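One letter stands for each residue in the lines below.
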Amino acid sequence: LAHHYNLLEEQGKEKIREELGLPVDEKIAMFSFRQGAKHLSIHKNIDEFFTASKRLLEELKNMGYFIVCRRRLGKGDLWMYNHLNRSEVSRYKEIEHLIDIEISSVDGFPGMVWKVVYASDIMAVPDISGICYVEGLITRVPMYMPIYGDKTFASERLRSWVIYADMLDNGIIFHEFTEDN
């Protein structure tokens with residue numbers, strides 16, 4: 001997987017941004033609109049996840065970020081979202097106006113998701129997702145995961161995963177936006 005990073009580094013952020021039609025002179029946030037499985041999520045329910053997602057997008061917009069949203073829209077993903085009435089599909093229209101570009105493709109090598117994460121200044125993740133400890137960690141992009149709900153519940157869920165605990169302890173994932181991160 002480190003080879004992905006090396007290939008992206010050879011291309012450079014500016015060239016990848018141009019290739020993807022992203023602005024080269026704006027701050028970019030890659031927003032992953034995906035809720036973790038019920039037993040893993042830092043949110044107690046779907047409504048709490050959606051509310052946190054919307055609040056996160058509004059916060060980033062107010063800070064002047066260009067937002068690229070990543071949703072998984074394969075047939076299996078759509079079936080699951082619809083079957084479970086997940087907000088990734090059922091409530092997307094309510095936040096669509098806060099998103100500048102949406103991607104769902106995995107085409108190419110390195111794939112589209114890898115390129116968008118690498119080209120971003122920050123990842124905005126409202127919940128636990130594999131994109132954090134794979135693409136985000138390997139491309140060395142800071143990850144903003146604010147906790148708007150029950151901080152104790154969310155912290156216990158995050159710290160139950162060794163990799164997330166390590167990412168928190170090392171400042172890779174942070175909950176509050178400051179000048180230092």
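Scroll up for the structure.
Residues numbered from 1 in each chain as written. Predicted model: local features only at pLDDT ≥ 70, side-chain atom pairs only at ≥ 80, totals over all residues. Heavy atoms only, no water.

Student: What's the story with the overall build of the protein chain in this structure? I'm lost.
Tutor: Across its full length, the protein chain holds 9 helices and 6 strands. Counting across all 181 residues of the protein chain, residues that qualify as buried make up 46%. Contacts in the protein chain between residues at least 24 apart in sequence constitute 70% of all its contacts with a sequence separation of at least 6. Carbon and sulfur atoms make up 50% of the accessible area of the protein chain, which amounts to about 9100 Å² in all. (Helix = DSSP H or I, 4+ residues; strand = E, 2+ residues; numbered from the N terminus. Buried < 20%, exposed > 50% of the residue type's maximum accessible area, 1.4 Å probe, protein only. Contact = heavy atoms within 4.5 Å. Areas by Shrake-Rupley, 256 points an atom, 1.4 Å probe, with all protein chains shown as cover.)

Student: Help me out: how do you make sense of the pairing of strand 2 (residues 66-70) in this one?
Tutor: Each regular strand shows side chains that alternate between the opposite faces of the sheet. Taken across its 5 residues, strand 2 has 5 buried, putting it largely inside the fold. Where burial is concerned, the two faces of strand 2 agree: the one with F66, V68 and R70 and the one with I67 and C69 are both buried. Bridging between strand 1 (residues 28-32) and strand 2 involves 5 bridges; their strand directions are parallel. Following the sheet pairing, S32 is matched in strand 2 by R70. Crossover handedness for the path strand 1 to helix 3 (residues 46-62) to strand 2: right-handed. (Pairing = 2+ DSSP bridges. Right-handed = clockwise from strand over helix to strand, strands pointing away.)

Student: Is there a simple way to explain the pattern of salt bridges in this structure?
Tutor: Pairing between side chains of opposite charge can happen when the charged atoms of each approach one another. One pass over the structure, following the stated rule, counts 6 salt bridges. In this structure, E19 engages K115 in a salt bridge whose closest nitrogen and oxygen atoms are separated by 2.7 Å. Taken together, the residues span a long stretch of sequence, with E19 in helix 2 (residues 13-20) and K115 in helix 6 (residues 112-119) at a distance of 96 residues. (Salt bridge = Lys/Arg side-chain N within 4 Å of Asp/Glu carboxyl O.)

Student: Before we go on, may I ask you to explain helix 7 (residues 130-138) in this structure?
Tutor: The periodicity of an α-helix, 3.6 residues per turn, causes residues three or four positions apart to be oriented the same way. Of all the residues in helix 7, the buried ones are I131, C132, E135, G136 and I138. Backbone geometry just downstream of helix 7 places R140 in the positive-phi region, at approximately 65°.

Student: Would you mind showing me how to read the nonpolar core here?
Tutor: Counting residues in hydrophobic clusters, the biggest one holds 33 residues, and the most contacted among them are M123, M145 and L158. Here the element with the most residues in this core is helix 6; it accounts for 6 residues. Those residues in contact with M145, other than ones at most four positions away along the chain, are I42, V125, D127, I128, C132, L158, Y164, I173, F174 and H175. Counting 19 residues, the second largest nonpolar core, distinct from the first, contains F33, I95, I99 and I122. (Core = buried A, V, L, I, M, F, W, Y, C linked by side-chain atoms within 4.5 Å.)

Student: Any chance you could explain helix 2 here in plain terms?
Tutor: Among all positions of helix 2, only I16, R17 and L20 are buried. For helix 2, the buried positions fall inside an angular range of 100° around the axis, keeping them on one side. Opposite the buried face of helix 2, at more than 90 degrees from it, the exposed residues are E14 and E18. Following helix 2 by one or two positions, G21 adopts a phi angle in the positive range, close to 75°. (Arc of directions from axis to C-beta.)

Student: Would you mind showing me how to read the sheet that holds strand 4 (residues 122-124) here?
Tutor: By way of backbone hydrogen bonds, the strands of a sheet pair with one another, either parallel or antiparallel. Across the sheet, 6 strands lie side by side as 3-2-1-4-5-6; this open sheet has parallel pairing. Each edge of the open sheet is held by one strand with a lone partner, namely strand 3 (101-103) and strand 6 (173-174). In terms of strand pairing, strand 2 meets strand 3 through 3 bridges, oriented parallel. Note that in strand 3 the partner of V68 across the bridge is I101.

Student: Explanation requested: the packing of aromatic side chains in the structure shown.
Tutor: We describe a pair of aromatic rings using the distance from one ring centre to the other and the angle between the two ring planes. Scanning all chains against the criterion turns up 8 aromatic pairs. Judged by centre distance (5.7 Å) and plane angle (25°), the rings of F31 and F33 are stacked. Across this residue pair, the class does not change: F31 and F33 are buried. Considering the side-chain rings of Y144 and F174, the 5.4 Å spacing of their centres and the 20° angle between planes classify their relative orientation as stacked. Of the two residues, Y144 sits in strand 5 (residues 143-144) while F174 sits in strand 6, which places them 30 residues apart along the sequence. (Phe/Tyr/Trp six-rings, centres within 6.5 Å; stacked < 30°, edge-to-face > 60°.)

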